[in-house]
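Results of the structural survey
Listed below, chain by chain, are the residues.
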Amino acid sequence: MANKLAIIGFSGDFDKLTAVFTLATGAAAVGYEVNLFFTFWGLDAIKKKQGRSFVGGSPLTKLFGFFMGGMKAAPVSRLNFLGASPRIFRHLMRRKNVATPEELIDAAKALGVNFYACEMAMHILGLSKDDFIPEVKDVLGVASFLQIADGGQTLFI
Amino acid sequence: MATYQLDITREHCPMTFVKTKIELAKLKAGDTLEVLLSEGEPLENVPRTSREQGYDVLGIEPAGDRIYKVIIQK
């Protein structure tokens with residue numbers, strides 16, 4: 001059986017999502033089966049609309065969806081400088097020839113990494129599967145996630 | 001049987017592995033991929049992980065200043 005890595009993507013921070021997708025693509029590239037389970041703020045990484053947009057079922061969740069934003073609006077967990085830091089990081093990454101989170105996400109798709117979304121967090125935030133990129137295979141609860149992660153390594157980021 | 005080339009000397013982790021894997025996936029049985037890579041992490045791990053995934057590493061040759069050519073066959 002292939003080695004397995006499961007990552008719970010909880011954070012919506014630029015730097016932590018970079019860690020999620022660096023580990024995911026690296027592991028997939030060396031032959032691991034990789035399963036990513038996004039919950040709460042982490043759902044930002046897999047939204048179809050990557051900027052700020054009013055996604056959500058009710059006025060309240062739509063407003064929340066706007067402030068959460070998507071991958072393009074992800075803040076850095078420290079020294080965010082009112083949103084300037086993610087731009088600086090993307091600039092540095094390109095200059096130093098290091099993959100940006102967006103490039104890593106594309107690589108993860110190409111390598112067949114499995115994307116899943118958390119049913120409970122989606123329910124709170126008024127999100128549906130259609131709000132996510134088509135690579136999101138399924139909407140899961142804890143029991144299904146544990147079943148998928150069984151027999152491998154699991155990380156919470 | 002075709003031979004393909006890949007230069008990952010300017011790449012950093014994890015794209016060194018990602019680009020190698022994507023190229024390896026295109027090979028048909030008997031094809032070879034010549035990967036130019038830097039010493040250190042890529043040199044230590046690209047041949048090892050290729051072998052683990054069932055490819056043959058036919059050779060590792062010096063190809064410049066701290067650069068090596070790894071020849072991998074499907």
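None of these values were measured; they are calculated from a predicted model.

1. A few points about the nonpolar core
Residues and elements named next belong to chain A. Counting 56 residues, the largest nonpolar core has Ala24, Ala28, Leu36, Phe38, Ala108 and Ala117 as its most contacted members. Ranked by the residues each element gives to this core, the list is headed by helix H1 (residues 14-29), at nine residues. Those residues within four positions of leucine 36 in sequence are excluded, and the remaining contacts are Ile7, Gly9, Val20, Ala24, Val113, Asn114, Phe115 and Tyr116.

2. Quick look at the pairing of strand S1 (residues 3-7) of chain B
The side chains of a regular strand alternate, first on one face of the sheet and then on the other. Residues and elements named next belong to chain B. Where S1 lies against strand S2 (residues 32-38), five bridges are found, and the strand directions are parallel. Looking at the pairing, glutamine 5 lines up with glutamate 34 of S2. Regarding topology, helix H1 (residues 15-24) serves as the crossover connection from S1 to the parallel S2, and that connection is right-handed.

3. Comments concerning helix H2 (residues 41-52) of chain B
Side chains that are three or four residues apart share a direction in an α-helix, a result of its 3.6 residues per turn. All names here are of chain B. Its 12 residues give H2 an end-to-end C-alpha distance of 16 Å, which sits within 8% of 16 Å, the value for a rise of 1.5 Å per residue. Among the residues making up H2, those that are buried are Pro42, Val46, Pro47 and Ser50. Taken end-on, H2 shows its buried residues confined to a sector of 105 degrees, consistent with a single buried face. Those residues of H2 that are exposed and aimed more than 90 degrees away from the buried face are Glu44, Arg48, Arg51 and Glu52. Where the residues of H2 are buried, they touch H1, S2, strand S3 (56-62) and strand S4 (67-73). Looking one or two places after H2, you find glycine 54, whose phi comes out positive at around 95 degrees.

4. Regarding the packing of H1 of chain B against H2 of chain B
Packed helix pairs are specified by the crossing angle of their axes together with the interaxial distance, meaning the distance between the axes. Residue and element names in this part refer to chain B. Packing of H1 against H2 leaves a shortest axis separation of 11 Å and a crossing angle of 35 degrees. Where H1 crosses over H2, the two elements pack in a sense that is right-handed. Where H1 abuts H2, its residues Thr16, Phe17, Thr20 and Leu24 lie against Pro42, Val46, Thr49 and Ser50. Across the contact of H1 with H2, the residue classes break down as four nonpolar, four polar and no charged.

5. Describing the interface of chain A and chain B
If you look at the interface, chain A gives 12 residues, while chain B gives 14 residues. Considering each element in turn, the side of chain A that touches chain B owes the most residues, four residues, to H1 of chain A. Of the residues contributing to the side of chain A that touches chain B, the split by class is seven nonpolar, five polar and no charged.

6. Concerning unusual backbone geometry
Residue proline 14 of chain B is reached from cysteine 13 of chain B by a cis peptide bond, and omega for that bond is 0 degrees. Mapping proline 14 of chain B onto the fold places it in the loop between S1 and H1. The backbone of leucine 79 of chain A shows a phi angle near 50 degrees, a positive value even though the residue is not glycine. Here leucine 79 of chain A shows up in the loop between helix H2 (59-68) and helix H3 (84-95). Assessed through the 9 C-beta atoms surrounding it within 10 Å, leucine 79 of chain A is described here as exposed. In this structure, asparagine 97 of chain A takes a positive phi of about 60 degrees despite not being glycine. Residue asparagine 97 of chain A is classed as exposed on the basis of its C-beta count, with 10 C-beta atoms lying within 10 Å.

Definitions and cut-offs
Residues numbered from 1 in each chain as written. Chains lettered and ligands numbered in written order. Predicted model: local features only at pLDDT ≥ 70, side-chain atom pairs only at ≥ 80, totals over all residues. Core = buried A, V, L, I, M, F, W, Y, C linked by C-beta atoms within 7 Å. Buried ≥ 20, exposed ≤ 12 C-beta atoms within 10 Å, placed from the backbone. Helix = DSSP H or I, 4+ residues; strand = E, 2+ residues; numbered from the N terminus. Contact = placed C-beta atoms within 7 Å. Pairing = 2+ DSSP bridges. Right-handed = clockwise from strand over helix to strand, strands pointing away. Expected span 1.5 Å × (residues − 1). Arc of directions from axis to C-beta. Axes fitted to C-alpha atoms, helices over the stretch in contact; angles between N-to-C directions. Left-handed = near helix turned anticlockwise from the far one by under 90°. Nonpolar A, V, L, I, M, F, W, Y, C, P; charged D, E, K, R; others polar.

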